[in-house]
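Residues per chain are reported as follows:
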Amino acid sequence: MFPYLQEIHQFPYPDYRFMPGGYYSPPYSEGWWFRSNDALESDERYRLPAEQRLTFVLVHGSWADAHFMDGVAAVLRSQGHTVYTPEYAGHGKDPNKNVTHAMITKSVVDLITKLNLRNFVLVGHSFGGTVIQKVAEQVPDRIKRLVFWDAFVLKDGESVVDEFPPQMRQGFEQLRASSKDDTIMLPFPLFRDTFVNTATLEEAKRMYAGVTPEPARPLFEKLDLKAFYELPTLKSYVYFFQDNVLPQGEGFGWNPHMSTRLGQFRLIVGDGDHFTDTRTRTDMVAQKFYEAGRD
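The paragraphs below set out a description of the structure included in this document. Keep in mind that what you see is a predicted model, and the values were worked out from it rather than measured. (Residues numbered from 1 in each chain as written. Predicted model: local features only at pLDDT ≥ 70, side-chain atom pairs only at ≥ 80, totals over all residues. Heavy atoms only, no water.)

### Points about the sheet that holds strand β4 (residues 82–84)
Overall, parallel pairing links the six strands, which are arranged β4-β3-β5-β6-β9-β10 in an open sheet. Bordering the open sheet on either side are β4 and β10 (266–270), each of which pairs with just one other strand. If you compare each strand with its neighbour and ignore which way they point, the axes differ by 20 degrees on average. For strand β3 (residues 55–59) and strand β5 (residues 120–125), the ladder comprises four bridges, and the chain directions are parallel. Bridge pairing links V59 to G124 in β5. Of the strands in this sheet, β3, β5 and β6 (143–149) are in contact with helix α4 (residues 128–138), which crosses β5 at around 145 degrees. Packing of helix α10 (residues 282–293) onto the sheet brings it into contact with β3, β5, β6, β9 (234–240) and β10, and relative to β10 it is tilted by some 170 degrees. (Pairing = 2+ DSSP bridges. Helix = DSSP H or I, 4+ residues; strand = E, 2+ residues; numbered from the N terminus. Axes fitted to C-alpha atoms, helices over the stretch in contact; angles between N-to-C directions. Contact = heavy atoms within 4.5 Å.)

The structure is reproduced here in structure tokens:
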């Protein structure tokens, strides 16, 4: 076992040297107007009044690490928001893939308590939805609002793979069985068609180059979520129409299948896919997070 050293990523990843200048860019357009990160971070024209600024904790999902949120975090910071993008066990620079869901949750809770964060918007993407469900159970009084972005909202006693269609679950079980270290690596054709379906082939290849094997065990663990469903915490769901990771309809998918489990919730929609827009339309994703998190 290797000791896990928690990281807090505050600065943009090198791939995010340039950011889209406008609030919205069509997903298939070429030749966006770009401005540099330095200009983005320092230009007062983009900063919101103090009373509208929020604190965000952005939790990534599977087959990603905390750098996944760097571009969106940079946009939010340029608007005056405070943003934390914690890394969790089994991901990033942590070499130990033998992790549990509880270890992942603890990574985020430890960040929150160590920095004494309060009144913040906790955002979870994809698998990160299950993480923020468990984090909310442990620090409910610190959270202003939960935001699930195309994220799993598990029922009490469920695992992530319980929400997969049978053929998809079988495929993941086979990938897990073929691994030597109990991880799952996405084949490129699956990644391209489901995670980055609106990207160009070149963009898809660049994003896939950063994908690493995902610890399998947390995806198969059944979670006790009784306490989560007793919480009065405010909740939002951000749903991107072109997200193809899960089939939509017929008892599967993000919205309304999982979102409505939240009870009363705010719905914010966009037209992106599961991964691409955090690289190509960071302004749009940041705006959706703000709409989901504001009062």
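That shown, we press on.
### Digging into a nonpolar patch on the surface
On the surface, a nonpolar cluster with roughly 250 Å² of combined accessible area is contributed by F241, L267 and V269. Mapping L267 onto the fold places it in strand β10. Residue class for L267 comes out partly exposed when judged on its relative accessible area of 41%. (Patch = residues over 30% accessible without salt bridge, like charges linked within 9 Å, V, L, I, M, F, W, Y side chains within 5 Å. Areas by Shrake-Rupley, 256 points an atom, 1.4 Å probe, with all protein chains shown as cover. Salt bridge = Lys/Arg side-chain N within 4 Å of Asp/Glu carboxyl O. Buried < 20%, exposed > 50% of the residue type's maximum accessible area, 1.4 Å probe, protein only.)

### Here's the deal with unusual backbone geometry
Here the bond from N255 into P256 is cis, since omega is 10 degrees, no more than 30 degrees from zero. Residue position: P256 is located in the loop between β9 and β10. Here W63, not a glycine, exhibits a phi torsion of approximately 55 degrees, which is positive. Looking at W63, the relative accessible area reads 7%, which means it is buried.

### What about helix α2 (residues 70–78)?
Most of α2 sits out of view: nine of its nine residues are buried. Buried residues of α2: D70, G71, V72, A73, A74, V75, L76, R77 and S78, and no others.

### Structural notes on the nonpolar core
The nonpolar side chains of a soluble globular protein tend to be buried, and buried together. One finds F56, L58, L122, F148 and F289 to be the most contacted residues of the largest nonpolar core, which totals 81 residues. For this core, the element with the highest residue contribution is α10, accounting for six residues. (Core = buried A, V, L, I, M, F, W, Y, C linked by side-chain atoms within 4.5 Å.)

### A word on the environment of S62
On the secondary structure map, S62 appears in the loop between β3 and α2. Classification of S62 as buried rests on a relative accessible area of 5%. On a C-alpha basis, the gap between S62 and A216 in space is 9.8 Å, while along the polypeptide they are 154 residues apart. For S62, the contacting residues outside a window of four places in its chain are Y88, F127, E214, L219 and F275. Side-chain polar atoms of S62 contact the side chain of E214, separated by 3.3 Å. (Polar contact = N/O pair within 3.5 Å; in protein donor to acceptor, adjacent residues only side chain to side chain.)

### A closer look at the pairing of β9
Most of β9 sits inside the fold, with six of its seven residues counted as buried. Relative to β9, β6 runs parallel, the two sharing five bridges. The residue of β9 that forms the bridge with V147 is S236. The sheet contact formed by β9 and β10 spans five bridges and is parallel. Of the residues in β10, the one forming a bridge with F240 is G270.

Everything listed here is a matter of geometry and, on its own, says nothing about what the molecule does.
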